[in-house]
Amino acid sequence: MAVTVKREDSSVSLVGERVRVRLELAPLRLSLSDPSGEVGVWGARVAALVDGKPHADGKPSGTRVVANLVRDLVFEDDVETPLGRAARVRARLAVADGLEMGIAIELGSDWPGISLALELRNTGGRARDVAALEPFLWEPGAGARLALPGDAGALRFLALGHQSWSPARWLRLGERPRLPRRVVRRIFTSPFVPRAKRGRFVSESATALGQPGRAGLALGFTSHSRFLSWIELANEPGRVHALCARCATDGESLAPGGSLASERLWLGISAPLEEALGQWAERAGREMGAPVPARSLSGWCSWYRFGTRVQAEDVRRNLRTLRRLGAPLDVVQIDDGFQSAIGDWLAPAPGFPEGLAPLAREIRAEGFRAGIWLAPFLAAPRSRLAQVHPEFLLRDARGKPLTALWNPDWPGGRAFALDATHPGVEAWLESLGREVRALGFDYLKLDFLFAGALPGARHDPRVSAAAAYRRGVAALRRGAGPGIFLLGCGAPLGASIGLFEGMRIGPDVAARWASPSFDRLVGVESGASARNALANVFARAPLHQRLWLNDPDCVLLREQRSKLSDTEVRTLAASIALAGGLVVVSDELAELSPERLAWLLRMLPSLGRTPTVGPARGGVPDELITRFDDGSALWLRANLGEKPERLDLDLRALGLRGPTRVWDVFAERELERASDALSLGSLAPHAARLLRLIPDDGTARVIGSTLHLASGALEVESVALEGPGAARLKLRLPGRRSGEIALALPSAPRLVRAHVAFDEALELRVQLGGVVNPSGIPDR
Ligand code: 9PG
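1. Some thoughts on the site of the ligand
Working step 1: Inspection of the region around the ligand gives 14 residues, with Tyr304, Asp335, Asp336, Lys445 and Asp508 positioned closest.
Working step 2: Taking Tyr304, its side chain carries an N or O atom lying 2.8 Å from an oxygen atom of the ligand.
Working step 3: A distance of 2.7 Å is found between an oxygen atom of the ligand and a side-chain nitrogen or oxygen belonging to Asp335.
Working step 4: For the ligand, whose unbound accessible area comes to 460 Å², protein coverage reaches 89%.
Working step 5: When the residues that make up the shell around the ligand are grouped by side-chain class, the tally is seven nonpolar, one polar and six charged.

Encoded structure:
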C-alpha cells in the first residue's frame, strides 16, 4: 500500500499504514497520530532562534521566529530518502523579516513516523546570526493537543546524557533531574544544551515520552554530521507544557541569500514506549551508515586490574593464562598506562621497555586481535605533543589552551583538548592511526572523545564542534585503514553515530556495587561502579546493533580485591551477557577461581542479539529479554535498588502463549511448567533472576546448560529424538568446555541431564537413565 496524499483547501494529509500526518497551511501546523488518533501530537510548528548565538554554557540567545504561512507546496509520491522509499511534501514557508523556511516531510508506507527537515534562508539584505534550528516545536494553544495513552501521573521522559559516561534515565514529569556540577559539566553535558532543572528536562539526540508499557512518542535526530542536537520538555507533574527538538548551529552566520539546514528529525509513534529508543536508533544508524559488525566481540582489557601501572609483563602473563585456559576471546587490549604521556602515544612508558610492536606481535601470535587505548583528542601540558605543537591545542575565547579535564590518574592531572580543524592535527591523527596499525594493533579503544567536540575558538571557526570531532575521528580511521575496529569511549553519542564499530554506553564499572561519594561530588550517577554501569546498560540496551555494538564495560570476576558479593558479580555478568554486545574481562586471569572462570566461559561467545527491554517502571528498565529463532527466550530481571522487589512474570506479555517450560539458570533446575503468568517470590537488592522460557511444543530440546548462560539456545547445533527417552545431540561452542546439559523430552522422563566435556564440538547420544558420551565422561 502506498501513502495516500489528500489535498484540501487549507491542509494536506499523508496517510500511511501506521501513521497519519496533517499539515495545516495558514497558520502552519503539523500533526501526527496513529490511525485511531489515540496517540499523537497535534498543532506543532517549526522555528529558529536568530540574531543570537548558541551559548557554550546553556541558554542560547536570540529571538524565536516561527514559520506561519505556507507559500507553496511540492509533492513527490515515491522518492528515495535516507530511510528508504517514501512520499515527500516540501513546503516553502514565510517567516517575518527577511527570512524564509523550507520544510520537508517524508513518510514511507509502513513507517511508524515521519522524517522532518528544516531549512532557514536569508532573503534579506544583511547577515543574520543563527543560534538554533527547531524542526519541531509543540506548545499548548489553539488546536494544539498531545495524546498519550495511560495515566498522566505515570508519564516519563527518557533523558539521554551527552556522552558514554553520562547517565541515561527515564524521568518522571515534575521530578528534579540530576545535574553535573560546574567543574565536570564540560565532561558530562553537551556544550550548547540548556541546563536541566525541575520543570525542564533535556535529552540529547533523541527521547521518548509516554507511559511505560503504553504507546508514546519517539523523537530523535537521525542525521548528526554538523550540529549537536537535543530535545527539551517543559513539564510539571502529569503535565507537558512544551516539547521542542533543537539543533545548536554553533554560531552560524547566515549571509544574504544563504541557507542553513537542520539535522533531520524522526518523529514517530512507538507501541510500547520502550521501543522508541530502538525505533529512532535503527533509523539514525541507517542514515549515518553505522558500521555495525555482524558479530559481537569478546576480549581482555588491562584497565580494571592494572590501571595506569600496567606493564608489558602483565599482558604477557595473562596471554599465557589465556592459552592454558583455552578461553575463546577475540581481543587482548592494553589500556591507559603504556604511554610516556597523554598525547605521546608512540613513546612507551618504562613498563614497556621493548615498545609496543613485540607485544602486539605476541598477542597476534596467540590468535587474538591486538587492541590499544588512545585518548586522541587530549594532550598533557608537559607532553612533547603540546610542547612541540602548541598550535594543535583548542583555545578559549582569550586564546588560552582549554582544559578538557583534570584526571587524578594522570601525572599533573590536567589535559588539554586538541582542535581537529587545525590541518596539523588532522594530519597528526591520520598518522597516529597509521602508526598504531603498523605496530600491529587493529582494535583501538578511543577514549575521552568528548574533548574533540568541546566549544572553543577553533582554527577554522566555520567548522562546528560536532563536525570538528567527526573530522578528527575520520582522519584517525583513514590512517588506520580497512579492517580496523574502533571502540568509542567517553564519546559524544549523537556526534559519533556512523563512526564506530563499538561504543561504551555507560560509566566505568568497578569492583564495588555503588559509588555514592563520587556521585555526590560530581552531581550525577557517573562514578565507577557496577550499579552505575548497569543502569546505563539497561537504559541504552536498544542502541545495540543499531548504532554500533554496545560495550557495557568489563565484567570483573575476581574474588580478591573486590567488594562485589557473589550475587552482585552474578548480576553484573548476567546483565552484560544479556546486553548482547562486547564481553570483556578485566581481571588477572590466573587469580580467578574455577567457579568464576566458569562464569567467564558461560558469557562466551557474546549472545550477539539486541535484547528488548521491559517497562521502565523505575529510572531505568530492569528487564532484558533476548529472543531466539526457536521461539525460546532468555529473561533477565535485575534489582538495582536497595529494597526487595516482588517478582511476577507475565508470559503473555512476552508473547509466550500456551504451556511454557521454565529453566532457572542460576539455580540450574527446571521450574514448574507455566502458562500465562509465573509468580517468582521476591528479588533481593542487587540480585538478578535469569530464566530460559521454552514453548512446551512436544519437541526434544536442551533447555538448560552450565556451558553458557544461553542455556541451550546457543550451544546446540541439533537435537534428534531417536525414540522415547533417547536423543542424538550436537553441541558446538568455541573453546574448551565442561559442564552439564539438561535435555527436555516431550514424554517421561521429561528431563535428562548429562555431563559433557569437549573442545569446540561434541556429538552424543542421551538415553533414558544413561548417556553414551564420546568424551568418556560417565553419566550420573
Ligand atoms: C583509562 C580509563 C579506562 C576506562 C575509561 C576511562 O573523569 N575522569 O577523571 C575519568 C577518568 C577515567 C575514566 C573516566 C573518567 O575512565 O572509561 O575504561 O580506559 O579511562 O584512563
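From this point, the discussion proceeds with the structure in view.
2. Quick look at the sheet that holds strand E42 (residues 688–695)
Working step 1: Spatial strand order, E35-E36-E37-E42-E39-E40: six strands in an open sheet with antiparallel pairing. With one partner strand each, in any of the chains shown, strand E35 (612–613) and strand E40 (669–670) form the two edges of the open sheet.
Working step 2: When strand E39 (residues 660–664) meets E42, the two strands line up antiparallel, connected through five bridges. Looking across to E42, one finds that Arg661 is bridged to Ile694.
Working step 3: Strand contacts of helix H12 (residues 566–579): strand E36 (623–627), strand E37 (633–638) and E42, with the helix running at about 135 degrees to E37, the strand carrying the most contacts.

3. What about the pairing of E37?
A regular strand places its side chains on the two faces of the sheet in alternate fashion.
Working step 1: With six of six residues buried, E37 lies mostly within the body of the structure.
Working step 2: Across the two faces of E37 the burial is the same, with Ala633, Trp635 and Arg637 and Leu634, Leu636 and Ala638 all buried.
Working step 3: The pairing of E36 with E37 spans five bridges and is classified as antiparallel. The partner of Ile625 across the bridge, within E37, is Trp635.
Working step 4: As consecutive antiparallel partners, E36 and E37 are separated by five residues, and within that stretch Gly631 has a phi angle of approximately 90 degrees, a positive value.
Working step 5: Alignment of E37 against E42, held across six bridges, turns out to be antiparallel. Paired with Ala638 across the bridge in E42 is Ala688.

Rules used in this analysis
Residues numbered from 1 in each chain as written. Predicted model: local features only at pLDDT ≥ 70, side-chain atom pairs only at ≥ 80, totals over all residues. Heavy atoms only, no water. Near = heavy atom within 4 Å. Polar contact = N/O pair within 3.5 Å; in protein donor to acceptor, adjacent residues only side chain to side chain. Areas by Shrake-Rupley, 256 points an atom, 1.4 Å probe, with all protein chains shown as cover. Nonpolar A, V, L, I, M, F, W, Y, C, P; charged D, E, K, R; others polar. Pairing = 2+ DSSP bridges. Helix = DSSP H or I, 4+ residues; strand = E, 2+ residues; numbered from the N terminus. Contact = heavy atoms within 4.5 Å. Axes fitted to C-alpha atoms, helices over the stretch in contact; angles between N-to-C directions. Buried < 20%, exposed > 50% of the residue type's maximum accessible area, 1.4 Å probe, protein only.

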